[in-house]
Amino acid sequence: MWRELVAELYPAATFSDGATEDRLRSAERELGHPMPDQLVAVLRESDGVYDGYGGGLIWCLDRIVADNRWFRTNAEYAELYMPFDLVLFFADAGNGDQFGLILPPVDRDDVFVWNHVDDSRTWGAANVETYLRWWASGQLTT
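Residues numbered from 1 in each chain as written. Predicted model: local features only at pLDDT ≥ 70, side-chain atom pairs only at ≥ 80, totals over all residues. Heavy atoms only, no water.

### Things to note about the overall build of the protein chain
Okay, so step 1: When helices and strands are counted, the protein chain shows 6 helices and 7 strands.
Okay, so step 2: Seen in sequence order, the protein chain has helices and strands lined up from the N terminus as α-β-α-α-β-β-α-α-β-β-β-β-α.
Okay, so step 3: In terms of overall dimensions, the protein chain is globule-like: its C-alpha atoms have a radius of gyration of 14 Å, near the 14 Å expected for 142 residues.
Okay, so step 4: Along the first, second and third principal axes, the C-alpha atoms of the protein chain reach 40 × 35 × 30 Å. (Helix = DSSP H or I, 4+ residues; strand = E, 2+ residues; numbered from the N terminus. Rg over C-alpha atoms; globule rule 2.2 N^0.38 Å.)

Here it is in structure tokens:
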């Protein structure tokens, strides 16, 4: 389902082999929490999805883990920004802004946009599918 949707929206998109259940569970252990179901569903089909220019529409598991750990443990960021513990970044806009999903205990599928300049976290889309559609059409901007 996800590959077909992305290929329709981004004809030059590239895909990887899907993430295995072991890799998904390992990433969740490294992060210290489960990943949202909709993100896991994408990653099962392709461990990272890239537009025709190399931009990460959905990052690979390694980048999701590395970037989120970095955001959560960077001492400089802790002084500049609100905590990142309840958000899971999974993509970026290419300008420093990040796309993220809210983690439990909040039960929402919404995608939020973190602005790296003013630390705002604004609603971007109702779910990952809508994020992909709106980002492709230009309806979602940063």
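### Things to note about the packing of helix α1 (residues 2–9) against helix α6 (residues 128–137)
Okay, so step 1: The geometry of α1 relative to α6 is characterised by a closest axis approach of 10 Å and an angle of 15 degrees between their N-to-C directions. Between α1 and α6, the angle falls in the class roughly parallel. Handedness of the crossing formed by α1 with α6: right-handed. Of the residues in α6, those in contact with Trp-2, Leu-5, Val-6, Glu-8 and Leu-9 of α1 are Val-128, Glu-129, Leu-132, Arg-133 and Ala-136.
Okay, so step 2: Split into classes, the residues belonging to the contact of α1 with α6 amount to 7 nonpolar, no polar and 3 charged. (Axes fitted to C-alpha atoms, helices over the stretch in contact; angles between N-to-C directions. Parallel < 35°, antiparallel > 145°, perpendicular 65-115°, else oblique. Left-handed = near helix turned anticlockwise from the far one by under 90°. Contact = heavy atoms within 4.5 Å. Nonpolar A, V, L, I, M, F, W, Y, C, P; charged D, E, K, R; others polar.)

### Digging into the nonpolar core
Okay, so step 1: Core analysis: the largest hydrophobic core is formed by 42 residues, its most contacted members being Met-35, Phe-90 and Tyr-131.
Okay, so step 2: The greatest single-element share of this core, amounting to 5 residues, is contributed by strand β4 (residues 87–92). (Core = buried A, V, L, I, M, F, W, Y, C linked by side-chain atoms within 4.5 Å. Buried < 20%, exposed > 50% of the residue type's maximum accessible area, 1.4 Å probe, protein only.)

### Structural notes on the packing of aromatic side chains
Okay, so step 1: Applying the stated criterion to the full structure yields 18 aromatic pairs.
Okay, so step 2: Where Tyr-81 meets Trp-114, the ring centres are 5.0 Å apart and the plane angle is 85 degrees; that geometry is what we call edge-to-face. Taken together, the residues span a long stretch of sequence, with Tyr-81 in the loop between α5 (75–80) and β4 and Trp-114 in strand β6 (residues 111–114) at a distance of 33 residues. Like Trp-114, Tyr-81 is buried. (Phe/Tyr/Trp six-rings, centres within 6.5 Å; stacked < 30°, edge-to-face > 60°.)

### Points about the sheet that holds strand β1 (residues 14–15)
Okay, so step 1: Strands sit in the order β1-β2-β3 across an open sheet of 3 strands; the sheet is antiparallel. The outermost strands of the open sheet, each flanked by one partner alone, are β1 and β3 (56–58). (Pairing = 2+ DSSP bridges.)

### Looking at the environment of Gln-98
Okay, so step 1: Its place among the elements puts Gln-98 in strand β5 (residues 98–102).
Okay, so step 2: Put simply, Gln-98 and Leu-88 are 10 residues apart on the chain and 9.7 Å apart in space, counted from C-alpha to C-alpha.
Okay, so step 3: If we ignore the near neighbours within four places in the chain, the residues touching Gln-98 are Trp-59, Phe-71, Phe-89, Ala-91, Asp-92, Phe-112, Val-113 and Trp-114.
Okay, so step 4: From its side chain, Gln-98 meets the backbone oxygen of Gly-96 in a polar contact 3.2 Å long. (Polar contact = N/O pair within 3.5 Å; in protein donor to acceptor, adjacent residues only side chain to side chain.)

### Things to note about the pairing of strand β7 (residues 121–125)
Okay, so step 1: The pairing of β6 with β7 spans 4 bridges and is antiparallel. In the sheet register, Val-113 faces β7, and the bridge partner there is Thr-122.
Okay, so step 2: Counted along the chain from β6 to the antiparallel partner β7, the turn is 6 residues long, and its residue Asp-119 has a positive phi close to 65 degrees.

### Considerations on the sheet that holds β4
Whether parallel or antiparallel, the strands of a sheet pair through hydrogen bonds between backbone atoms.
Okay, so step 1: Strand order in the open sheet formed by 4 strands is β4-β5-β6-β7, with antiparallel pairing between adjacent strands. Bordering the open sheet on either side are β4 and β7, each of which pairs with just one other strand. Averaged over all pairs of adjacent strands, the angle between their axes in this sheet comes to 40 degrees, without regard to strand direction.

Just distances and angles here, no functional claims.
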